[in-house]
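# Chain and residue survey
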Amino acid sequence: MAREIVWFEDVHKTDIALVGGKGANLGEMTQEKIPVPPGFIVTAEAYLAFLRETGLSRAILAQLNGLNPEDSKKLQAVSEAIGQLILKAQMPERLKKDIKKYYWLLALKQLKPGSKLAPTDVREPVAVRSSATAEDLPDASFAGQQDTFLNVIGGDNVVTAVQAAWASLFEARAIYYRATKGFDHFKVQIAVPVQLMVQSEVSGIMFTIDPVTNDDMKMVIEAGLGLGEAIVSGSVTPDRYLIARKSLEIVDKEINLQPWMIVRDPEAKDAVHGDKHVSIPPEKQGAQKLADDKIIELAKIGLAIEKHYGFPQDMEWAMAAGKLYIVQTRPITTYKPSKDKVSVVVEGSKQDAKLRSDTATRSQLTQLVIVKGAAASVGWASGSVKIIHDPKDIDQVLKGDVLVTEMTTPDFVPAMKRAVAIVTDTGGRTSHAAIVSRELGIPCVVGTGTATSALKTGLMVTVDGAEGLIYKGKVTLNKPTAPSAADAQVGGKTESVPITGTKVYVNLGEPDVAEKVAQLPVDGVGLMRAEFVMSGIGEHPRAMLKAGKGKEFTQKLAQGLRTMAQAFSPRPVIYRFSDFKTNEYRHLKGGEAFEPQEANPMIGYRGAGRYIREPDLFALELAAVKIVREDYDLKNLWVMVPFVRTVDELKKVKALIEEGGLRQGNDFKLYMMVEIPSNVILLDEFIAAGVDGLSIGSNDLTQLTLGVDRDNAQLAAMFDERDPSVTRQLVQIVKTALKHSVSVGICGQAPSVFPEITELLVKAGITSVSVSPDVAISTRKLIASVERRIIVQHAIKKAAGN
């Protein structure tokens, strides 16, 4: 008799052919009384019965026949076609009924004896996971290739999630792996564990030996807030605790900043993937995620599991209401040995020449902290302090210095490029210092309030951009070698970067880093800032024009544009015309003679209105764009108009662009920034005036909606793009653009900082998201997760319609 559905307690570790490696281990641990959330498994026999009774095998083989796995576009198309075949097929009625029955019985087990619950009333959240039956093949690793669905609620949705898990066996990455390894696509089958959902406050991964250093005297626990998907996917950096196996002493802690987490969505009453991404309050982001006593308790569970299996284990765990659970275990079969040791070296310190991992933790360095501020760009760097009060003195900043100033402006960029870190007295995460530092990939701490007075030029300091701390002396963190982020960024094998329908662009302005950033798996540049190149030119364009050097200005600007366009070709580079404020323009050489003193430059003489009043200067920019597009044949360079106050302004700027010899067409697109409330209110009219695309500037839109100066450190807490007055406008912008079939993206800092903003916009249908380079990969992973849920929800609606 076929065993199409079984309880965890009915299977053992030897039942891999029936329930896959994950399912077999869940059953084994359940029988050994390990704290595992209860559940059942829709077996591989059920999957085979589905294929047999629907007749899908032949159709799937027809799609796979002759496929070249190296042809990425074809591979993706085949994957999507097979996925649709599986999702649209009618599951055999008996299987549907049995899955719903087991889901109902699982819910009944959670109730007090004698309680009643109708099958149609079950709303118990469950996790629907994938378990490949080939996980025990030699030289094969199928882990992570299939989908997991968290917080699935309702019997019909459990059925849909099971079917979606089957479909994920033919995800592009899974087809590619089997094809290149020579595995028969139908010899690898899939079972689907359905497990009671643990609404974890903390979750993570545990290794019973150190998998990086191959140290079998220590074990590693990684912990993060919320559900485990964010940690397992690598989208956030968890805490890392090192425990001595014999003494169960915690010998090292690495506490990392976690800006967001995944939690159950309380509004999801009947859903597949009933969870959401939320930001973590600032005061909790840098706190230790798992208490010391729970670290020890978890370590004991891990060692007990290793003893049972007789082999080092890699486990996923969760904690809810103070109780620890193991939700998965597998053997550690591959790891890279390393001779490196974790240590903290403090040079010039009289207290400790070296604080080693078995005697000290990073937290013990707090005694060396001399300045604190807001974390603005992650990284760790040491250098000599150079305090600069006037941008005219930036030549004093040498390569390797730590630039300390009240606040930076675009004319500081040459010095910022030489510095190893930036520290400012004022500003928040959308300040110039924060944005440029993230782009340059150097640590930055802003809003310290006292850095220019507390620090002295020549003092050796270390800047921790992740924690917002400045240490006295040179402090070096020596960590175990592991695959670097660059491996994933250039498409290495250490990390799989998903393909997404929503395009992922980067915000960039510095041509010097274009080649490096172009190696990222991104679709182009969604925002190229003019100000960086102009700062490098160093002289006010009006002063240059007056001195007869207008052509020189154009040539230098064109060189910067060319560098960027060449690096990303054929991917688009969207150049935002200059949007200097008067206070920033004044700092350029000769600027004081031409720039007025304004009480509030942020809403002063800037953007489109400036081009209309000074068409001769605007013509210099247009000429530079034309040179790059025509003389160098880089047709991937497009343009964007910022800060357009009225529809009439847009029309006048369009006329100037055409006068400059640039005309919209298939290979030349004109975008407009949507960053003023008037843009949102009159968006239909702005689109009708003739633009090819829109890009949301969330920084200015938030500032002008809430009436908060984004550069004012005292008001930083009030500047929040997640305010309903802002998010409603974001959704309205996307819907209006889609109504008119116009591309719409976002290039403000919001999606780089708040994953819930990205999730909101992807669900609304935004066509692109442009973020700072340091979060491009994690943003694509987040988008892939959201898109996958949208596909499943669409399948549910379609099935309901049938």
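Structure: above.
Residues numbered from 1 in each chain as written. Predicted model: local features only at pLDDT ≥ 70, side-chain atom pairs only at ≥ 80, totals over all residues. Heavy atoms only, no water.

## Describing the sheet that holds strand 30 (residues 670–674)
Here we have 8 strands rolled up into a closed barrel, ordered 26-27-28-29-30-31-32-33, and parallel in their pairing. The average undirected angle you get between the axes of adjacent strands in this sheet is 30 degrees. (Pairing = 2+ DSSP bridges. Helix = DSSP H or I, 4+ residues; strand = E, 2+ residues; numbered from the N terminus. Axes fitted to C-alpha atoms, helices over the stretch in contact; angles between N-to-C directions.)

## Regarding the packing of aromatic side chains
Applying the stated criterion across every chain, the model contains 13 aromatic pairs. Taking 4.7 Å as the distance between ring centres and 35 degrees as the angle between the ring planes, the aromatic pair formed by F50 and W166 counts as tilted. With F50 in helix 2 (residues 44–54) and W166 in helix 6 (residues 155–167), the pair connects residues that are 116 residues apart, well separated along the chain. There is no split in this pair, since F50 and W166 are both buried. Summarising the aromatic geometry, the rings of W380 and Y471 are spaced 5.5 Å apart at their centres and angled 40 degrees between planes, so their arrangement reads as tilted. Note that W380 is positioned in strand 19 (residues 380–387) and Y471 in strand 24 (residues 469–472), a separation of 91 residues in sequence. Here W380 falls in the partly exposed class, since its relative accessible area comes to 23%. An aromatic cluster is built from Y575, F577, Y611 and F618, whose rings are joined through pairwise contacts. (Phe/Tyr/Trp six-rings, centres within 6.5 Å; stacked < 30°, edge-to-face > 60°. Buried < 20%, exposed > 50% of the residue type's maximum accessible area, 1.4 Å probe, protein only.)

## Considerations on the environment of A623
Position of A623 relative to the elements: it lies in helix 21 (residues 615–631). The class for A623 is partly exposed, based on a relative accessible area of 30%. For A623 and T554, which are 69 residues apart along the polypeptide, the C-alpha to C-alpha distance reads 6.6 Å.

## Quick word on the packing of helix 21 against helix 22 (residues 647–659)
Interhelical geometry of helix 21 versus helix 22 gives an angle of 55 degrees and a closest axis separation of 10 Å. If you check the angle between helix 21 and helix 22, you find them oblique. The interaxial crossing formed by helix 21 with helix 22 has right-handed handedness. Facing P615, F618 and L622 of helix 21, the residues of helix 22 in contact are V653, L656 and I657. (Parallel < 35°, antiparallel > 145°, perpendicular 65-115°, else oblique. Left-handed = near helix turned anticlockwise from the far one by under 90°. Contact = heavy atoms within 4.5 Å.)

## Thoughts on the packing of helix 25 (residues 698–706) against helix 26 (residues 724–739)
When two helices pack together, their arrangement is captured by the angle between the axes and the distance separating the axes. Following both chains from N to C, one finds helix 25 and helix 26 inclined at 130 degrees, their axes separated by 10 Å at the closest point. What the angle tells us is that helix 25 and helix 26 run oblique. As for how helix 25 packs across helix 26, the hand of that crossing is right-handed. Side by side, helix 25 and helix 26 meet where L701, T702, T705 and L706 of the first sit next to S725, V726, Q729, L730 and I733 of the second.

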